[in-house]
Amino acid sequence: MGKLVAICQGINCPVLLLGGPDDRNVAEQIAALAGAHVLNTCGQYSLHQSASLVRQSRLVITHDTGLMHIAAALRKPIVSVWGSTIPEFGMTPFYPEGMDHNTSVEVKNLSCRPCSKIGYDACPKGHFSCMANIDLQKITSIAELSAAEKIS
């Protein structure tokens, strides 16, 4: 949760947290710690309504989720964050030919990675370096650049 708070704190524009009812409590904590510019909507909207919110967004920061694929179908810029899985497994956002608005963020060259095809909630090795060492500055810089491009 600390990394998500840091990412939200590092973005100087409105941030909308999307997810299901099971995500609501954690997202509420993230929003409370990250600042007034972060709004928790987890569990409030249907999949169709969430897709509409994605359609209206400037940028989507996500791991491999259904909303990531919806964002790609809507041709939105995406920052996809990869931990125990790898983009080379073929689950990256799919854009029309000649278009790629995805930036993958991952910790490369870890001998234990990938450890899963679909990901784990906890690290089998106990260190979770694939997520602990993720480059938060890269994620927030892309978000800031995206916000600046829409303003100018």
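For the structure itself, consult the block above.
Not measured: the values here are computed from a predicted model.

Cut-off values and rules
- Residues numbered from 1 in each chain as written.
- Predicted model: local features only at pLDDT ≥ 70, side-chain atom pairs only at ≥ 80, totals over all residues.
- Heavy atoms only, no water.
- Buried < 20%, exposed > 50% of the residue type's maximum accessible area, 1.4 Å probe, protein only.
- Helix = DSSP H or I, 4+ residues; strand = E, 2+ residues; numbered from the N terminus.
- Arc of directions from axis to C-beta.
- Axes fitted to C-alpha atoms, helices over the stretch in contact; angles between N-to-C directions.
- Parallel < 35°, antiparallel > 145°, perpendicular 65-115°, else oblique.
- Left-handed = near helix turned anticlockwise from the far one by under 90°.
- Contact = heavy atoms within 4.5 Å.
- Nonpolar A, V, L, I, M, F, W, Y, C, P; charged D, E, K, R; others polar.
- Core = buried A, V, L, I, M, F, W, Y, C linked by side-chain atoms within 4.5 Å.
- Salt bridge = Lys/Arg side-chain N within 4 Å of Asp/Glu carboxyl O.

Attention shifts here to helix H1 (residues 2-9). One full turn of an α-helix is made of 3.6 residues, so residues set three or four places apart face in the same direction. Of the residues making up H1, those classed as buried are Val5, Ile7 and Cys8. For H1, the angular spread of the buried residues around the axis is 160°, confining them to a single face.

Now for the packing of H1 against helix H2 (residues 24-34). Put simply, H1 and H2 touch, their axes get as near as 9 Å, and they point 45° apart. Between H1 and H2, the crossing angle belongs to the class labelled oblique. Between H1 and H2 lies a crossing whose hand is right-handed. Counting all contacts with H1, which are made through Leu4, Val5, Cys8 and Gln9, the residues of H2 involved are Ile30, Leu33 and Ala34. Class assignment for the residues of the contact of H1 with H2 results in six nonpolar, one polar and no charged.

Judged by nonpolar contacts, the single largest core of 22 residues is most densely connected at Cys8, Ile11, Val15, Leu17, Val38, Val79 and Ile139. Contributing elements (two or more residues each) for this core: H1, strand S1 (15-17), H2, strand S4 (78-82) and helix H6 (136-151). The element contributing the most residues to this core is H2, with four residues. Not counting residues up to four positions away in its chain, the partners in contact with Val79 are Leu59, Val60, Ile61, Thr62, Asn102, Thr103, Val105, Ile139 and Ile142.

Another point: unusual backbone geometry. Across the junction of Arg113 and Pro114, the peptide omega takes the value 5°, indicating a cis bond. With respect to the element layout, Pro114 can be found in the loop between strand S5 (102-106) and helix H5 (129-132). In this structure, Phe128 takes a positive phi of about 50° despite not being glycine. Among the secondary structure elements, Phe128 is positioned in the loop between S5 and H5.

Before going further, it helps to examine the environment of Ser46. Structurally, the position occupied by Ser46 is in the loop between strand S2 (38-40) and helix H3 (47-55). Sequence separation between Ser46 and Gly119 is 73 residues, and the spatial gap between their C-alpha atoms is 24 Å.

This part takes up the pattern of salt bridges. Tallying each qualifying case throughout the model produces two salt bridges. Here Lys108 and Glu106 are joined by a salt bridge, their closest N and O atoms 3.3 Å apart. Among the ionic pairs, Arg113 bridges to Glu106, the shortest N-O distance being 2.8 Å. In this structure, Arg113 and Glu106 share a single accessibility class: buried. When salt bridges with common partners are traced through the structure, they connect Glu106, Lys108 and Arg113 into a single cluster.

Moving on, we come to the packing of H3 against helix H4 (residues 66-73). For any two helices packed against each other, the geometry is given by the interaxial angle and the distance between the axes. Between H3 and H4, whose axes approach to 10 Å, the crossing angle comes to 50°. As the angle between them shows, H3 and H4 are arranged oblique. Viewed along their axes, H3 and H4 form a crossing whose handedness is right-handed. Taking contact as the criterion, the partners of Leu47, Ser50, Ala51 and Val54 in H3 are, on H4, Leu67, Ile70 and Ala71. Residues belonging to the contact of H3 with H4 are distributed by class as follows: six nonpolar, one polar and no charged.

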